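Structural description and commentary
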Amino acid sequence: MTGSPLEWAIIIFIVLSIGTVVWRGGAANPEGTGQLGRKVSGLSSKVTTLSQRMGHLESEVADLKEEAATGKDIQRIEQLIDERTAAQRELMERTARSIDRIERMFIEKGMGK
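Quick caveat: nothing in here was measured; it's all calculated off a predicted structure.

**Things to note about the overall build of the protein**
- What the protein contains, in helices and strands, is four helices and zero strands.
- Mapped in sequence order, the helices and strands of the protein form the string α-α-α-α.
- For the protein, the exposed surface amounts to about 10600 Å²; the carbon and sulfur share of it is 63%.

See the structure below:
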């Protein structure tokens, strides 16, 4: 293994170049510097926060669904309103007829009949 000093210089240069490239490549790796880990951790906390908010929204929507009136409830309420309106209308008509009778009675008494 008798190589000239030029061959050894070229070999050393190649090995040092490869070492430099590998070392810089490792330094450029964001996980190696912890940058990627911090980003993933931050993203994880944001996802957790959003997940909690979604949980609250889902429970509120479920509560609204339980409290909201259905189509059948609305029809039943409309029917009750119609029935009560009809009953009130009938009561008002009877009251008006009674008032008319009382007025006629006072008029007749006032005129001496």
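**Some points on a negative patch on the surface**
- On the surface, a cluster of negative charge is made up of Glu60, Asp63, Glu66 and Glu67.
- Relative accessible area serves as the criterion here: at 48%, Glu60 is assigned to the partly exposed category.

**Description of the pattern of salt bridges**
- Applying the stated criterion across every chain yields a total of two salt bridges.
- Residue Asp73 pairs with Arg76 through a salt bridge whose shortest N-O separation is 3.8 Å. Linking Asp73 with Arg76, this pair stays in helix α4 (residues 71–111), spanning three residues, or about one helical turn.

**Observations regarding the confidence of the model for the protein**
- Overall, the prediction assigns the protein a mean pLDDT of 84, with 89% of residues at 70 or greater.
- Averaged pLDDT values over the elements of the protein bottom out at 62 in helix α2 (residues 30–33) and peak at 90 in α4.

**Examining a nonpolar patch on the surface**
- A grouping of Leu6, Ile10, Phe13, Ile14, Ile18 and Val22 is seen on the molecular surface, where their side chains present a nonpolar patch of about 640 Å² in accessible area.
- Taking relative accessible area as the criterion, Ile18 reaches 52% and is therefore assigned exposed.

**Description of α4**
- Helix length check: α4, at 41 residues, gives a terminal C-alpha distance of 59 Å against a target of 60 Å (1.5 Å per residue), a fit within 8%.
- Once α4 ends, the next one or two residues include Gly112, with phi positive near 85 degrees.

Reading the values: the criteria
Residue positions are counted from 1 within each chain, in the order its sequence is given. Local features in this predicted model are restricted to residues whose pLDDT is 70 or higher, and side-chain atom pairs enter the listing and the counts only when it is 80 or higher, whereas totals over whole chains, interfaces and linings include all residues. Values shown for side chains rest on all heavy atoms present in the structure; no hydrogens or waters enter the calculation. Only DSSP runs of H or I reaching four residues or more are called helices, and only runs of E reaching two or more are called strands; each is numbered from the N terminus. Residue-level accessible areas treat just the shown protein chains as cover; the underlying method is Shrake-Rupley with a 1.4 Å probe. Here, patches come from residues exposed beyond 30% relative accessible area and free of salt bridges, joined within 9 Å for like charges and within 5 Å for nonpolar side chains (Val, Leu, Ile, Met, Phe, Trp, Tyr). The salt bridge criterion pairs a side-chain nitrogen of Lys or Arg with a carboxyl oxygen of Asp or Glu, the two atoms within 4 Å. This count recognises Lys and Arg as positive and Asp and Glu as negative, with His and chain-terminal groups excluded. By convention, the charge on Lys lies at NZ, on Arg at CZ, on Asp at CG and on Glu at CD. Exposure categories follow from relative accessible area, calculated using a 1.4 Å probe and restricted to protein chains: below 20% of the type maximum is buried, above 50% is exposed, and the middle band is partly exposed. One number per residue, pLDDT, summarises how confident the predictor is, and it ranges from 0 to 100. In this analysis, the expected span of each helix is defined as 1.5 Å times one less than the number of residues it contains.

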